[in-house]
Amino acid sequence: MKQISTPNAPAAIGPYSQAFITGGLLFTSGQIALDPATGEVVGATVAEQAHQVMKNLGALLEEAGSSYEKTVKTTCFLADMNDFAAFNEVYGQYFTGKPARSCVAVKTLPKNVLCEVEVIAEA
């Protein structure tokens, strides 16, 4: 098992790691719309936040030698299912290979962000 860490994605805000590789797969922790440099939430809309989430995931994928195209499964969390279409518009720009996915609405996300995404990808 290999821990993945990069300053190009937000540092963990709790007792967990950014990502791990095991068995040839990368497992990321959920990424929210935090600027890696400042730790501040980026964007006021779900689309703006989703772009930052994807940038953070991209940094972890790159650090692990993977990519959006090698992603096999994502789990997406939305604060409001009414944001589903706007979120999908951004999501589809990054995950063009259409990995398997779950997308659920949750009551609250960390720092009251509007979306969070975690990834399983080939490493």
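Each chain has its residues counted from 1, running along the sequence as written. Reporting in this predicted model follows two pLDDT cut-offs: at least 70 for local features of residues, and 80 or more for side-chain atom pairs to be given and counted; totals over whole chains, interfaces and linings ignore these cut-offs and use all residues. Heavy atoms throughout the structure, all of them, feed into the side-chain values; hydrogens and water do not.

Caption draft 1: A look at the side chain of asparagine 56. A helix here means a DSSP run of H or I that spans at least four residues, while a strand means a run of E at least two residues long, and both kinds are numbered starting from the N terminus. Relative to the helices and strands, asparagine 56 resides in helix H1 (residues 46-63). Reaching out from asparagine 56, the side chain makes a polar contact with the backbone oxygen of isoleucine 32 at a distance of 2.9 Å. Note on contacts: a residue pair is in contact if any heavy atoms of the two residues lie within 4.5 Å. In contact with asparagine 56, other than residues within four places in its own chain, are Asn8, Ala9, Pro10, Gln31, Ile32, Leu34 and Pro36. Pairs of N or O atoms within 3.5 Å make up the polar contacts considered here, provided that, within protein, one atom can donate a hydrogen while the other can accept it, and that residues adjacent in sequence are counted only when both atoms are side-chain atoms.

Caption draft 2: Representation of the nonpolar core within the structure. Grouped together as the largest cluster of nonpolar side chains are 28 residues, with contacts concentrated most on Met54, Phe87, Phe95 and Val117. No other element matches H1, which puts eight residues into this core. Contact partners of phenylalanine 87, with chain neighbours within four places excluded, come to Val46, Ala50, Met54, Cys76, Leu78, Arg101, Cys115 and Val117. Residues Ile32, Phe77, Leu109 and Val113 belong to the second largest nonpolar core, which totals five residues. To form a nonpolar core, buried Ala, Val, Leu, Ile, Met, Phe, Trp, Tyr and Cys residues must be joined to one another through side-chain atoms within 4.5 Å. Here's how the labels work: a residue is buried when its accessible area is under 20% of the maximum for its type, exposed when over 50%, partly exposed in between, all with a 1.4 Å probe on protein chains only.

Caption draft 3: Up close: the sheet that holds strand S1 (residues 2-4). Note: two strands are recorded as paired if DSSP finds a minimum of 2 bridges between them. Strand order in the open sheet formed by six strands is S1-S2-S3-S6-S4-S5, with mixed pairing between adjacent strands. A single partner strand is all that each edge strand has here, and the edge strands are S1 and strand S5 (100-105). Taking each pair of neighbouring strands and ignoring which way they run, the sheet shows an average axis angle of 15 degrees. When strand S4 (residues 71-78) meets S5, the two strands line up parallel, connected through six bridges. If you follow leucine 78 over to S5, its bridge partner there is alanine 105. To get an axis, a line is fitted to the C-alpha atoms, and for a helix only the part in contact is used. The angle between two axes follows their N-to-C directions and goes from 0 to 180 degrees. Sheet strands in contact with H1 are S1, strand S3 (25-28), S4 and strand S6 (115-122), and its direction is about 25 degrees off that of S6.

Caption draft 4: Representation of the environment of threonine 22 within the structure. Summarising the element assignment, threonine 22 is placed in strand S2 (residues 19-22). Residue threonine 22 is classed as partly exposed on the basis of its relative accessible area, which comes to 36%. Contacts of threonine 22, omitting those with residues within four sequence positions, involve Met1 and Phe27.

Caption draft 5: Focus on the side chain of threonine 71. Position of threonine 71 relative to the elements: it lies in strand S4. Overall, the relative accessible area of 7% leaves threonine 71 in the buried class. Only 3.3 Å separates the side chain of threonine 71 from the backbone oxygen of serine 67, close enough to count as a polar contact. Non-local contacts of threonine 71, meaning those with residues more than four positions away in its chain, are made with Leu61, Phe95, Pro99, Val119, Ile120 and Ala121.

Caption draft 6: Examining unusual backbone geometry more closely. Phi at lysine 98 takes a positive value of approximately 50 degrees, unusual for a residue other than glycine. Looking at the secondary structure, you find lysine 98 in the loop between helix H2 (84-94) and S5. Phi at lysine 111 takes a positive value of approximately 60 degrees, unusual for a residue other than glycine. Tracing the sequence through the fold places lysine 111 in the loop between S5 and S6.

Caption draft 7: The environment of glutamate 48, seen in detail. Among the secondary structure elements, glutamate 48 is positioned in helix H1. A relative accessible area of 41% means that glutamate 48 is categorised as partly exposed. With 66 residues separating them in the primary sequence, glutamate 48 and leucine 114 have C-alpha atoms 9.7 Å apart. Contact partners of glutamate 48, with chain neighbours within four places excluded, come to Val42 and Gly43. Among the polar contacts made by the side chain of glutamate 48, one reaches the main-chain amide nitrogen of threonine 45 at a distance of 3.1 Å.

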